[in-house]
Amino acid sequence: MEFESEDAARRFYIEYARRVGFVVRIMQRRRSGIDGRTLARRLGCNKQGFSPNHKSTIGPDKKTRSSAREGCKATILVKMEKSGKWVVTRFEKDHNHPLVVTANGFSTTGDKDKKIEELTKELEHQEQLCAVYRERLLSFMNNVEEQTEELSSKIKVIIDNVRKVESEVQKFSNRR
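Because the structure is predicted, anything quoted here is derived from the model rather than measured.

1. Quick word on the environment of leucine 39
Line of reasoning, step 1. Considering the arrangement of structural elements, one finds leucine 39 in strand S3 (residues 38-45).
Line of reasoning, step 2. For the pair leucine 39 and tryptophan 86, spaced 47 residues apart in sequence, the C-alpha separation works out to 8.9 Å.

Following this line, the structure appears as structure tokens:
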């Protein structure tokens, strides 16, 4: 197949992926060493390859995340010819996992969309918890303020009483 541009090839493969039932991952790009323009692009299934386990001995331990990658080999490689046209030079059709196709021929929510939905729900839950904690904190601060005022008034009464007693003691001392 031949395309007018890299973008046209990408749009075609993304549309093909939707109809077949997978999500596209934009992968490698080869650039010209002379002017930096893109000479070739590889696109593939988002389940292509495997996620590396980044276990670092430096810094805090990171939470391990599940990976959507399953080692799928489905890819397409397009290269720009001297004519300026983009030509498919490699196409791997087979997937090693089930494809998700709906009745209208489009794939259902992709893995990223599911993760976004899950994280959005978690964010809403955390926002609700923040609101509850904020309310509790304000209530606690009001309670502390009320207790401080009450203690201040009691201390003032005690100080006034001590002054009265000191005054009485002074009067008694002066009489003797």
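2. So, the pairing of strand S4 (residues 75-80)
Line of reasoning, step 1. Taken together, the five bridges between S3 and S4 define a ladder with antiparallel strand orientation. Within S4, the position partnered with alanine 40 by the bridge is lysine 79.
Line of reasoning, step 2. Here S4 pairs with strand S5 (residues 86-92) via six bridges, running antiparallel. Each bridged residue has a counterpart across the sheet, and for methionine 80 the counterpart in S5 is tryptophan 86.
Line of reasoning, step 3. Between the end of S4 and the start of S5, which pair antiparallel, lie five residues, with glycine 84 showing a positive phi angle near 95°.

3. Points about the nonpolar core
Line of reasoning, step 1. Ranked by internal contacts, the top residues of the largest apolar core, which has 15 residues, are Phe3, Tyr13, Phe22, Val24, Ile76 and Val78.
Line of reasoning, step 2. Mapped by element, the contributors of at least two residues to this core are helix H1 (6-20), S3, S4 and S5.
Line of reasoning, step 3. Among the elements that take part in this core, H1 stands out by supplying four residues, more than any other.

4. Digging into H1
Given 3.6 residues per turn, any residue in an α-helix points the same way as the ones three and four places further on.
Line of reasoning, step 1. For H1, with 15 residues, the first-to-last C-alpha span of 21 Å sits near the 21 Å given by 1.5 Å per residue.
Line of reasoning, step 2. Three or more residues of H1 are buried, namely Ala8, Ala9, Tyr13 and Ala17.
Line of reasoning, step 3. Looking at the buried residues of H1, the elements they touch are strand S1 (2-3), strand S2 (24-31), S3, S4 and S5.
Line of reasoning, step 4. Just past H1, the residue glycine 21 takes up positive phi, approximately 115°.

5. Digging into the side chain of arginine 42
Line of reasoning, step 1. Mapping arginine 42 onto the fold places it in strand S3.
Line of reasoning, step 2. No salt bridge is formed by the buried arginine 42, whose closest oppositely charged neighbour, glutamate 92, lies at an N-O distance of 10 Å.

6. Side note on the environment of cysteine 72
Line of reasoning, step 1. Mapping cysteine 72 onto the fold places it in the loop between S3 and S4.
Line of reasoning, step 2. Between the C-alpha atoms of cysteine 72 and glycine 44, which are 28 residues apart in sequence, the distance is 8.6 Å.

7. Side note on the sheet that holds S2
Backbone-to-backbone hydrogen bonds pair the strands of a sheet. The strands run either parallel or antiparallel.
Line of reasoning, step 1. Here we have five strands laid out as an open sheet, ordered S1-S5-S4-S3-S2, and antiparallel in their pairing. The open sheet terminates on both sides in strands that have one partner only, identified here as S1 and S2.
Line of reasoning, step 2. Set on the sheet, H1 makes contact with S1, S2, S3, S4 and S5; between it and S3 the angle comes to about 5°.

Rules used throughout
Residues numbered from 1 in each chain as written. Predicted model: local features only at pLDDT ≥ 70, side-chain atom pairs only at ≥ 80, totals over all residues. Heavy atoms only, no water. Helix = DSSP H or I, 4+ residues; strand = E, 2+ residues; numbered from the N terminus. Pairing = 2+ DSSP bridges. Core = buried A, V, L, I, M, F, W, Y, C linked by side-chain atoms within 4.5 Å. Buried < 20%, exposed > 50% of the residue type's maximum accessible area, 1.4 Å probe, protein only. Expected span 1.5 Å × (residues − 1). Contact = heavy atoms within 4.5 Å. Lys, Arg positive; Asp, Glu negative; His and termini not counted. Salt bridge = Lys/Arg side-chain N within 4 Å of Asp/Glu carboxyl O. Axes fitted to C-alpha atoms, helices over the stretch in contact; angles between N-to-C directions.

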